[in-house]
Amino acid sequence: MSAPNTVLLSLVERACNTETGFEDERTTAISDIAQQVSERRLALLDLVVALQGPLTSPEKEAREHGTRLLGQVLTRARDRLNQGELHTLAEFLAARLRDWPCVGAASAACRALLQPPPPPPPPAAATAATSEEGTGPLAVAVAAAVVPLRDDSAIVVMTAAAEMLRTAQSFRQEERSALLQLLLELAAPGSRWAALAAAASPGRRAGGAGAAGAAGAAAAAAGAAGVEASPQPAQALAPDLLLDAFLGAADGEKDPRCLLLAFQAVQALCAMYHAPGADAAPLRALADELVDWASAYFPIAFNPPPPRPGAGAGAGAQPPQHISRAQLAAALEGALGASPFLAAAALPLMLEKLSSTYRCVWVWVRVWVWV
């Protein structure tokens, strides 16, 4: 790893410029850096060294721009990065997650990092691409398999995400939404990371095979996705890491955009703990607390605010007026009926509310199926 040259430092300075009116110049610099990394003309570690200034700057905007730059590089050059480089990015992004001005940008970058690599192309497609393009960058990109993220790299991100989720209520709505979206990525049904989180409970399985069970579940999920599992041993995770972090993030939530994500997260977490090979003990232990949280919103009483004057399609994704009461109600009902462990606490709630709203009938039926 060499000292960053003046050209690279100049590019990084433009990419992280905090002055107003330089958006186009900043975008161009980010695109140029990402292209250089993608074409292997710039080593990722050299970029990381060059970013030390912006990422440790007292200006929160500079740190945020530096984090966005890492995210753009990851998005555009993901198929060219090896496992060591991906791990370096995981460590840097985990550190950025813990820096509150960077939470939104770091969460988006972490979601890109956690995305499973695409399956390798069929041999015929790779051969055709090579014959047509020779040995150029396109042929190499098509013919070569994208390396997967290692389990220990994902655990670095998972641990930082859980830490920040527990304090999410101190953040703005944008950051809370970003963290919940990251949680949904980590707990996505059938994903390697969900298998890793739900099975990472040392000593809970028969014969003391907790760590082996975690590795086995993650390997099975990796195999099902056509990805080679990481050979590195993963550190042990607390069995309730994501569920406990979620309860901290969702406690007292009032914004409909975050609530919609939170109700979806309950369903994803329940599916995660009910997956084959998962340790369901954390969900069983925290089921009453989960129902207590969800029951505070039942039945949904939400009237979307009127559209703001001049707010068009570009005003932002899913503003409150674009979320309906029906969406929230359906997501909450799905959450309350997502696991048989929730039934014992949810059933009395349904019986109490049965005469007040017809929606209780549907939830009651779903809960009754589990009883």
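Here's what I pulled together on the structure shown here. Keep in mind the model is a prediction, meaning the values are calculated, not measured. (Residues numbered from 1 in each chain as written. Predicted model: local features only at pLDDT ≥ 70, side-chain atom pairs only at ≥ 80, totals over all residues. Heavy atoms only, no water.)

Along the protein, the regular secondary structure elements total 19 helices and zero strands. For the protein, restricting intrachain contacts to residue pairs at least 6 apart in sequence, the fraction spanning at least 24 positions comes to 73%. Carbon and sulfur atoms make up 57% of the accessible area of the protein, which amounts to about 17000 Å² in all. (Helix = DSSP H or I, 4+ residues; strand = E, 2+ residues; numbered from the N terminus. Contact = heavy atoms within 4.5 Å. Areas by Shrake-Rupley, 256 points an atom, 1.4 Å probe, with all protein chains shown as cover.)

The subject of this paragraph is the nonpolar core. Grouped together as the largest cluster of nonpolar side chains are 102 residues, with contacts concentrated most on Leu47, Phe246, Phe263 and Trp293. Here this core gets 13 residues from one element, more than from any other, and that element is helix α15 (residues 256-274). Leave out the neighbours within four places in its chain, and phenylalanine 263 touches Trp293, Tyr297, Ile300, Leu328, Ala331, Leu332 and Ala335. (Core = buried A, V, L, I, M, F, W, Y, C linked by side-chain atoms within 4.5 Å. Buried < 20%, exposed > 50% of the residue type's maximum accessible area, 1.4 Å probe, protein only.)

So, on to the pattern of salt bridges. Once the charged atoms of two side chains with opposite charge are near each other, the side chains can pair. Under the criterion given, the structure shown has 15 salt bridges. Of the charged contacts in the structure, one is a salt bridge between glutamate 85 and arginine 40, with a shortest N-O distance of 3.1 Å. Separated by 45 residues along the polypeptide, glutamate 85 in helix α6 (residues 83-97) and arginine 40 in the loop between α2 (23-38) and α3 (44-50) bring together distant segments of the chain. For arginine 40, a relative accessible area of 43% translates into the label partly exposed. Residues aspartate 99 and arginine 96 are paired through a salt bridge, measuring 3.0 Å at the closest nitrogen-oxygen approach. (Salt bridge = Lys/Arg side-chain N within 4 Å of Asp/Glu carboxyl O.)

Before going further, it helps to spend a moment on the side chain of aspartate 279. With respect to the secondary-structure elements, aspartate 279 resides in the loop between α15 and α16 (281-295). With a relative accessible area of 10%, aspartate 279 lands in the buried category. Here the side chain of aspartate 279 touches alanine 281 through a polar contact of 3.1 Å, landing on its backbone nitrogen. (Polar contact = N/O pair within 3.5 Å; in protein donor to acceptor, adjacent residues only side chain to side chain.)

In this section: the packing of aromatic side chains. Counted under the stated rule, the structure contains four aromatic pairs. Taken together, a centroid distance of 5.4 Å and an interplanar angle of 80 degrees make the contact between phenylalanine 246 and tryptophan 293 edge-to-face. In this pair, phenylalanine 246 sits in helix α14 (residues 241-250) while tryptophan 293 sits in helix α16, placing the two residues 47 residues apart along the sequence. Aromatic side chains phenylalanine 263 and tryptophan 293 sit 5.7 Å apart centroid to centroid with 55 degrees between the ring planes, which places their arrangement in the tilted category. Note that phenylalanine 263 is positioned in helix α15 and tryptophan 293 in helix α16, a separation of 30 residues in sequence. By the burial criterion, phenylalanine 263 is buried, and tryptophan 293 matches it. Through a chain of ring-to-ring contacts, the aromatic side chains of Phe246, Phe263, Trp293 and Tyr297 assemble into a single cluster. (Phe/Tyr/Trp six-rings, centres within 6.5 Å; stacked < 30°, edge-to-face > 60°.)

Inspection of the secondary structure puts tryptophan 100 in the loop between α6 and α7 (103-114). Separated by 64 residues in the primary sequence, tryptophan 100 and methionine 164 place their C-alpha atoms 8.6 Å from one another. In this structure tryptophan 100 touches Lys60, Phe171 and Glu175, once residues within four positions along its chain are discounted.

Moving on, we get to unusual backbone geometry. Residue proline 299 is reached from phenylalanine 298 by a cis peptide bond, and omega for that bond is -10 degrees. By the secondary structure assignment, proline 299 is in the loop between α16 and α17 (325-336).

This part is about the packing of helix α10 (residues 151-165) against helix α12 (residues 192-199). Packing of α10 against α12 brings their axes to within 11 Å, and their N-to-C directions diverge by 75 degrees. When the axis of α10 is compared with that of α12, the two are roughly perpendicular. Between α10 and α12, the residues in contact are Asp151, Ala154, Ile155 and Met158 and Arg192, Trp193, Leu196 and Ala197, respectively. (Axes fitted to C-alpha atoms, helices over the stretch in contact; angles between N-to-C directions. Parallel < 35°, antiparallel > 145°, perpendicular 65-115°, else oblique.)

Attention now goes to the packing of α15 against α17. Packing of α15 against α17 leaves a shortest axis separation of 8 Å and a crossing angle of 25 degrees. Classified by the interaxial angle, the pair formed by α15 and α17 is roughly parallel. The two elements α15 and α17 meet at a crossing, and its hand is left-handed. Between α15 and α17, the contacting residues are Pro256, Leu259, Leu260, Phe263, Val266 and Gln267 on the first element and Gln327, Leu328, Ala331, Leu332, Gly334 and Ala335 on the second. The residue inventory of the contact of α15 with α17, partitioned by class, reads nine nonpolar, three polar and no charged. (Left-handed = near helix turned anticlockwise from the far one by under 90°. Nonpolar A, V, L, I, M, F, W, Y, C, P; charged D, E, K, R; others polar.)

A few words now on the side chain of asparagine 17. Topologically, asparagine 17 is positioned in the loop between α1 (6-15) and α2. For asparagine 17, a relative accessible area of 17% translates into the label buried. One polar contact links the side chain of asparagine 17 to the main-chain amide nitrogen of glutamate 19, over a distance of 2.8 Å. Not counting residues within four places of it along the chain, the set of residues in contact with asparagine 17 comprises Phe22, Arg26 and His65.

Residues Asp251, Asp288, Glu289 and Asp292 make up a contiguous surface patch of negative charge. Along the polypeptide, aspartate 288 turns up in helix α16. A relative accessible area of 47% places aspartate 288 in the partly exposed class. (Patch = residues over 30% accessible without salt bridge, like charges linked within 9 Å, V, L, I, M, F, W, Y side chains within 5 Å. Lys, Arg positive; Asp, Glu negative; His and termini not counted. Charge placed at Lys NZ, Arg CZ, Asp CG, Glu CD.)

Counting buried residues along α14, eight of its ten residues qualify, which places the element largely inside the surrounding structure. Those residues of α14 that fall on the buried side of the exposure criterion are Leu241, Leu242, Leu243, Ala245, Phe246, Leu247, Ala249 and Ala250. Buried residues along α14 sit in contact with α10, α11 (173-186), α12, α15 and α16. Two residues or fewer after α14 comes glycine 252, characterised by a positive phi angle close to 80 degrees.

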